[in-house]
Structures are given as structure tokens and as C-alpha cells.
Amino acid sequence: MADSQNTPAGIMKPFEDATVFRCKTTGAVTVAQLYAKGWRVVSVFPQSSLEPAKPGVVSVVWTIVAEKDER
């Protein structure tokens, strides 16, 4: 799941309650919506990669690892 954004190098939007993640299993959801659907977040981390077609622009995504809470 990731919230993608194109930003100048070194700049990233903060992770917040309104951050939307796109997932093949759950669709587009926030962390609160994931919990409401019975998932829980195990880890959150940023990832980035250079855009070869756009010098100086970095593609930045927040990535979360979530698991279905079976309790």
C-alpha cells in the first residue's frame, strides 16, 4: 500500500490521519479505515526513487505493512 507523490528531492509530505493508501485487497483507505475493517498496522516507512524522465524529482511513497487482526 502506498500514498504516492512527486516532490522536489528531499521533500516529503508528513504521514497523517488523512494519508490515503491504495491496496489491491482493501482499496483506497486511511489507517483508521484499515482498523475499522479489521486490519492493524505492523510497520510504516518511507520509500523513494529517482524519476529518470524528471531530473531532480523524487517519487516518494509512504508504505505500510498491515495484517488482518484475527482477535
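For the structure itself, consult the block above.
In this report, the structure presented in the accompanying data block is examined. (Residues numbered from 1 in each chain as written. Predicted model: local features only at pLDDT ≥ 70, side-chain atom pairs only at ≥ 80, totals over all residues. Heavy atoms only, no water.)

Next up on the list: the overall build of the protein chain. Helix and strand content of the protein chain: 1 helix and 5 strands. In the protein chain, the succession of helices and strands from N to C terminus is β-β-β-α-β-β. For the protein chain, with 71 residues in total, the buried portion stands at 25%. Contacts spanning at least 24 positions in sequence make up 49% of the contacts within the protein chain whose residues lie at least 6 apart. When the accessible surface of the protein chain is split by element, carbon and sulfur atoms take 57% of a total near 4,800 Å². (Helix = DSSP H or I, 4+ residues; strand = E, 2+ residues; numbered from the N terminus. Buried < 20%, exposed > 50% of the residue type's maximum accessible area, 1.4 Å probe, protein only. Contact = heavy atoms within 4.5 Å. Areas by Shrake-Rupley, 256 points an atom, 1.4 Å probe, with all protein chains shown as cover.)

All right, on to the side chain of Thr-30 then. Locating Thr-30 in the fold gives a position in the loop between strand E3 (27–29) and helix H1 (31–36). Note on Thr-30: relative accessible area 13%, which makes it buried. Sequence-distant contacts of Thr-30, that is, excluding residues within four places in its chain, are made with Asp-17, Ala-18, Thr-19 and Val-20.

Before going further, it helps to examine the packing of aromatic side chains. Scanning all chains against the criterion turns up 2 aromatic pairs. Aromatic pair Phe-15 and Phe-21: ring centres 5.9 Å apart, planes at 55 degrees, arrangement tilted. Phe-15 gets classed as partly exposed once you look at its relative accessible area, which sits at 33%. Chaining the aromatic ring pairs together yields one cluster made of Phe-15, Phe-21 and Trp-62. (Phe/Tyr/Trp six-rings, centres within 6.5 Å; stacked < 30°, edge-to-face > 60°.)

Inspection of the secondary structure assignment puts Ala-32 in helix H1. With 13 residues separating them in the primary sequence, Ala-32 and Thr-19 have C-alpha atoms 9.9 Å apart.

As a working rule, side chains carrying opposite charge can pair if their charged atoms are close by. Here the structure, examined in full by the defined rule, presents 1 salt bridge. Glu-67 is the partner of Arg-40 in a salt bridge, and the nearest nitrogen-oxygen pair spans 2.7 Å. Placement of the pair is Arg-40 in strand E4 (residues 39–50) and Glu-67 in strand E5 (residues 57–68), with a sequence separation of 27 residues. For Arg-40, a relative accessible area of 27% gives the class partly exposed. (Salt bridge = Lys/Arg side-chain N within 4 Å of Asp/Glu carboxyl O.)

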